[in-house]
Every structure is written in structure tokens, then in C-alpha cells.
Amino acid sequence: MRIALIAHDEKKPDLIDFAQSHEERLRQFDLIGTGTTGKRIMQETDLEVERKASGPLGGDMMIGAEVAEGDCEAIIFIRDVLTAQPHEPDISALLRICDVHDIPLATNIASAEHVIDGLAAEIGADE
């Protein structure tokens, strides 16, 4: 199962804390992420993350394409909703493609906890 990890600059520490807290569980998944987020997660955990471009350079759209192709089963995207993002249209498109394809999408740590719990339970049920 493949999941994406994404965070805006001000939220990267929150996602890194989440990844560190759930490192064993996240190890069960193939992880992808946008450029800097993926790099930081790999630097601060023992997780491997396939890195796409940074969000403003098309990384959000690259992950959206994976959702559309059926190659990404969930997204954890910790968003900074208090800061304007120059690539907001790409972000909106990513959120929309998750809705179109019925893909679990967590946009804050509380929902990320539930998504990761649900995915882990799904993997456990498959075994």
C-alpha cells in the first residue's frame, strides 16, 4: 500500500513528529512525498520516502497523478491554512482528485492518526 506524506513549510515539524511517533507503522507502507518534506522525513527517521518535486514545482500534481492512476491509496497532507500558498490551485486540485477517487485524505494531525490507524487495520485484515 502506497501513501503520500506532504506538509507545508510551517507544518513540516508537525509531520516529522507524526512520522517519528508512527515510524514502525509507517514502515509497513511504500511512502512518497514532495521534495523537501520527503527529504526531511528521511533525515529525521529511518523511513524511505520516494521524493517527487517540491509542491510549488509540481510535486502536488505528481502525487495527484499517482492517485488518478490508482497508485496512491492515501494522503497525509498537513496544511498551513493560515498562510497563503503560491501554488493553491495545485493544492485544490490534489484535494479534489482525492475526493473524485475516494482516497483517504488527512489534512491535520488528528485526522492523520485516524487514517494511519485505518490503513494499518486494513493491512492487518489482509494478513
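An unreviewed UniProt entry annotates the chain as Methylglyoxal synthase of Halarchaeum grantii. What UniProt states about the chain under its Sequence similarities (unreviewed entry) heading is, verbatim, "Belongs to the methylglyoxal synthase family."

Asker: Would you explain helix α5 (residues 88-100) in this entry?
Answerer: Because an α-helix completes one turn every 3.6 residues, residues spaced three or four positions apart along the sequence face the same direction. The end-to-end C-alpha separation of α5 is 18 Å, in line with the 18 Å expected for 13 residues at 1.5 Å each. Turning to α5, its buried residues number three or more, namely Ile91, Leu94, Leu95, Ile97 and Cys98. The buried side chains of α5 occupy one side of the element, clustering within an arc of 160 degrees when seen end-on. α5 presents Pro89, Arg96, Asp99 and Val100 as exposed residues on the side facing more than 90 degrees away from its buried surface. Positive phi appears at Asp102, one or two residues downstream of α5, with a value of about 55 degrees.

Asker: Please explain the pairing of strand β2 (residues 30-33) as it appears in this structure.
Answerer: The side chains of a regular strand alternate between the sheet's two faces. Across 4 bridges, strand β1 (residues 2-7) lies against β2 in parallel orientation. Looking at the pairing, Ile3 lines up with Leu31 of β2. Pairing of β2 with strand β3 (residues 49-51), which is carried by 3 bridges, proceeds in the parallel orientation. Bridging across to β3, Leu31 finds its partner in Val49. Crossover β2 to β3 through helix α3 (residues 35-44) is right-handed.

Asker: What exactly am I supposed to notice about the pattern of salt bridges here?
Answerer: For side chains bearing opposite charge, pairing can occur when the charged atoms are close. One pass over the structure, following the stated rule, counts 11 salt bridges. The partner of Glu66 in a salt bridge is Arg2, with the nearest N and O atoms 2.8 Å apart. Taken together, the residues span a long stretch of sequence, with Glu66 in helix α4 (residues 59-68) and Arg2 in strand β1 at a distance of 64 residues. Overall, the relative accessible area of 16% leaves Arg2 in the buried class. The network of salt bridges with common partners includes Arg2, Glu50, Lys52 and Glu66.

Asker: Please clarify how the UniProt feature "active site" (unreviewed entry) in the chain should be interpreted in this entry.
Answerer: UniProt feature "active site" (unreviewed entry): in the numbering of this structure it lies at Asp60. For Asp60, the location among the structural elements is in helix α4. Classification of Asp60 as buried rests on a relative accessible area of 1%. Setting aside residues no more than four positions away along its own chain, Asp60 makes contact with Ile6, Thr34, Gly55, His87, Asp90, Ile91 and Leu94.

How each quantity is defined
- Residues numbered from 1 in each chain as written.
- Predicted model: local features only at pLDDT ≥ 70, side-chain atom pairs only at ≥ 80, totals over all residues.
- Heavy atoms only, no water.
- UniProt positions renumbered as here; feature names shortened; annotations may be inferred.
- Helix = DSSP H or I, 4+ residues; strand = E, 2+ residues; numbered from the N terminus.
- Expected span 1.5 Å × (residues − 1).
- Buried < 20%, exposed > 50% of the residue type's maximum accessible area, 1.4 Å probe, protein only.
- Arc of directions from axis to C-beta.
- Pairing = 2+ DSSP bridges.
- Right-handed = clockwise from strand over helix to strand, strands pointing away.
- Salt bridge = Lys/Arg side-chain N within 4 Å of Asp/Glu carboxyl O.
- Contact = heavy atoms within 4.5 Å.

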